[in-house]
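# Overview (structure and organization)
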Amino acid sequence: MTDPNKNAGDRAGAGLVFAADLGGTHLRAATVDHSGRIHFRLKRNTAKSADEIVRALVLAVRECEKQNNEASGDAGSVIKAVSVVVPGTVNVEEGIVVKAPNLPCLDGFRLTAALTDELKRPAILENDANAAAVGEMWLGAGRSRRTIVCVTLGTGVGGGIILDGKLWRGVDGAAAEIGHMCVDPFGGVACGCGSRGCLEVYASATAIVRMTREASPRYPDSVVPTSAELTSETIYAAGLEGDELALEVFRRMGVYLGIGLANLINIINPEMIVIGGGVVNGWNLFEKYMHQQVAERAFPLLAARVKIVRSECGDDAGLLGAARLAFSD
Ligand SMILES: [Zn+2]
């Protein structure tokens, strides 16, 4: 791909692109211009079949176009290209969703061909965490950097790696599965990928909830509710109030995350690691333990060099990265 730092307006002119972040639960979409300004956005529940997902995306494109035409008083089509990111492995060249564990109806589906057929304009596909890395490098914490790692702590743990300005996809487009780096080989918790002890089972929102339930018998005085509504957010909120159970869970999470980051730092020697996703809200509770592990495990020169920071694009990192990729393709 092209360098995210280069001028995005070079080839796409002054038009808009339609960017969509297709999650397991929600479809979030927006029209974005070449400077990264979001014009219209919408959010829908994710449909349950490939055909319905295509139809939802087509309707979303038409709705964004209609809104834009009304706002500008111009009936001409302004959306130049469509860019969709999904939580899974994708074949970028062929526009195929290879495997998406949270959207299994798309496994093997030729998504870009279906969209181009309907919309008569170019469509591209990318992995959501890769797109988030591109978004952070374009308009977020990684601006003006060249080599960054982006870690997304959400329902699962995703990753994107940009090496010397280029997104690193690997030979099969499946690189940067940072969430499936092993950080605990002995007695490790089983992971959805089939392995055990992956970073995802200690640092995702799902992991925060599981670790809280597991540890709660040891903290009878904890105010953290042990009900079905337990979320990483409620656990974080309890931690801010000094709840010992919540503090212990975020300490453990920070230790495992730090081990994973130390491995990445020693292998990649990045300028910056950007951490995003919902769990990053607990930053003040896990930051210290994460940094401790990095200091203890990474090469001192590399650890001193790398900046570990929070995402600046937040939930929009994937959308903005999707837009950036469309402007550069
Ligand atoms: Zn795994």
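Heads up: these notes are all about the structure in this document. (Residues numbered from 1 in each chain as written. Predicted model: local features only at pLDDT ≥ 70, side-chain atom pairs only at ≥ 80, totals over all residues. Heavy atoms only, no water.)

## Some details on the pairing of strand β9 (residues 148–153)
Which entries qualify depends on this criterion: Each residue is assigned to one of three classes by its accessible area relative to the maximum for its type, calculated with a 1.4 Å probe on protein chains only: buried under 20%, partly exposed between the two thresholds, exposed over 50%. Comment: elements are numbered from the N terminus, with helices defined as DSSP H or I runs of at least four residues and strands as E runs of at least two. When DSSP finds at least two bridges between two strands, those strands are taken to pair.
Within β9, five of the six residues are buried, which leaves it mostly tucked inside the rest of the structure. Both β9 and strand β10 (residues 157–163) contribute to a ladder of six bridges, which runs antiparallel. Bridge pairing in β10 places Val-149 opposite Ile-161. The hairpin turn running from β9 into β10, its antiparallel successor, is three residues long.

## Some words on the nonpolar core
Rules: Nonpolar cores were defined as sets of buried Ala, Val, Leu, Ile, Met, Phe, Trp, Tyr and Cys residues, with membership established by side-chain atoms within 4.5 Å.
Counting 52 residues, the largest nonpolar core has Leu-153, Met-253, Leu-261, Ile-275 and Ile-308 as the members making the most contacts within it. Elements with a contribution of two residues or more to this core: β9, β10, α5 (200–203), α6 (205–215), α7 (232–240), α8 (244–268), β12 (272–276) and α9 (283–297). If you tally residues by element for this core, the top one is α8, at 14 residues. In terms of nonpolar packing, the next biggest core, distinct from the first, is built from 31 residues, Val-78, Ile-79, Val-97 and Ala-100 among them.

## Concerning the sheet that holds strand β11 (residues 166–167)
Note the following rule: Contacts are assigned to residue pairs that have any heavy atoms within 4.5 Å of one another. Simply put, an axis is a line fit to the C-alpha atoms, just over the touching stretch for a helix, and the angle between two N-to-C directions goes from 0 to 180 degrees.
An order of β11-β10-β9-β12-β13 is seen for the five strands of this open sheet, with the pairing classed as mixed. Single-partner strands in this sheet number two, and they are β11 and β13 (307–310). Here two bridges tie β10 to β11, and the two strands are oriented antiparallel to one another. Among the inter-strand pairings, Ile-162 is bridged to a residue of β11, identified as Leu-167. Across the sheet, α8 lies against β9, β10, β12 and β13, angled at about 155° from β9, the strand it touches most. Across the sheet, α9 touches β9, β12 and β13, and the angle it forms with β13 is around 165°.

## Quick word on the packing of α7 against α8
Quick note on the threshold: The cut-offs work like this: below 35 degrees is roughly parallel, past 145 is roughly antiparallel, 65 to 115 is roughly perpendicular, and the gaps in between are oblique. Should the near helix be turned anticlockwise from the far one by less than a right angle, the crossing is left-handed, and should it be turned clockwise, the crossing is right-handed.
Their axes nearest at 7 Å, the elements α7 and α8 cross at an angle of 115°. Between α7 and α8, the angle falls in the class roughly perpendicular. As for how α7 packs across α8, the hand of that crossing is left-handed. Residues Ser-232, Ile-235, Tyr-236, Ala-238 and Gly-239 of α7 form the contact with α8, whose participating residues are Ala-246, Leu-247 and Phe-250.

## Brief notes about the coordination of the zinc ion
So the rule is basically this: For Na, K and Ca the donor cutoff is 3.2 Å, while for all other metals N, O and S atoms must lie within 2.8 Å; water is not among the atoms, so some sites may look incomplete. Any coordination sphere not matching a tetrahedral pattern (four donors, all angles between 85 and 135 degrees) or a square planar or octahedral pattern (four or six donors, opposite donors over 155 degrees apart, other angles between 65 and 115) is reported as irregular.
Every protein donor of the zinc ion is accounted for by His-180 (ND1), Cys-191 (SG), Cys-193 (SG) and Cys-198 (SG), and the metal-donor separations fall at 2.0 to 2.3 Å. Relative to the metal, the four donor atoms surrounding the zinc ion lie at angles of 102 to 122°, and the coordination shape comes out tetrahedral. Read N to C, the donor residues that coordinate the zinc ion are spaced as H-x10-C-x1-C-x4-C. Pair check on accessibility: Cys-191 and Cys-198 agree, each one buried.

## Points about the pattern of salt bridges
Pairing is possible between side chains of opposite charge, provided their charged atoms come close. Applied cut-off: One side-chain nitrogen of Lys or Arg within 4 Å of one carboxyl oxygen of Asp or Glu is enough to make a salt bridge.
Scanning the model with the defined rule gives 14 salt bridges in all. Across the pair Lys-99 and Asp-107 runs a salt bridge whose closest N-O atoms are separated by 3.4 Å. By relative accessible area, which is 48% here, Lys-99 ends up partly exposed. The exposure class assigned to Asp-107 is partly exposed, which follows from its relative accessible area of 30%. Of the charged contacts in the structure, one is a salt bridge between Glu-214 and Arg-210, with a shortest N-O distance of 3.0 Å. With Glu-214 and Arg-210 both in helix α6, this residue pair falls four residues apart, about one helical turn. When its relative accessible area of 22% is taken as the criterion, Arg-210 is described as partly exposed. One network of salt bridges, in which partners are shared, links Asp-21, Arg-28, Arg-41 and Asp-316.

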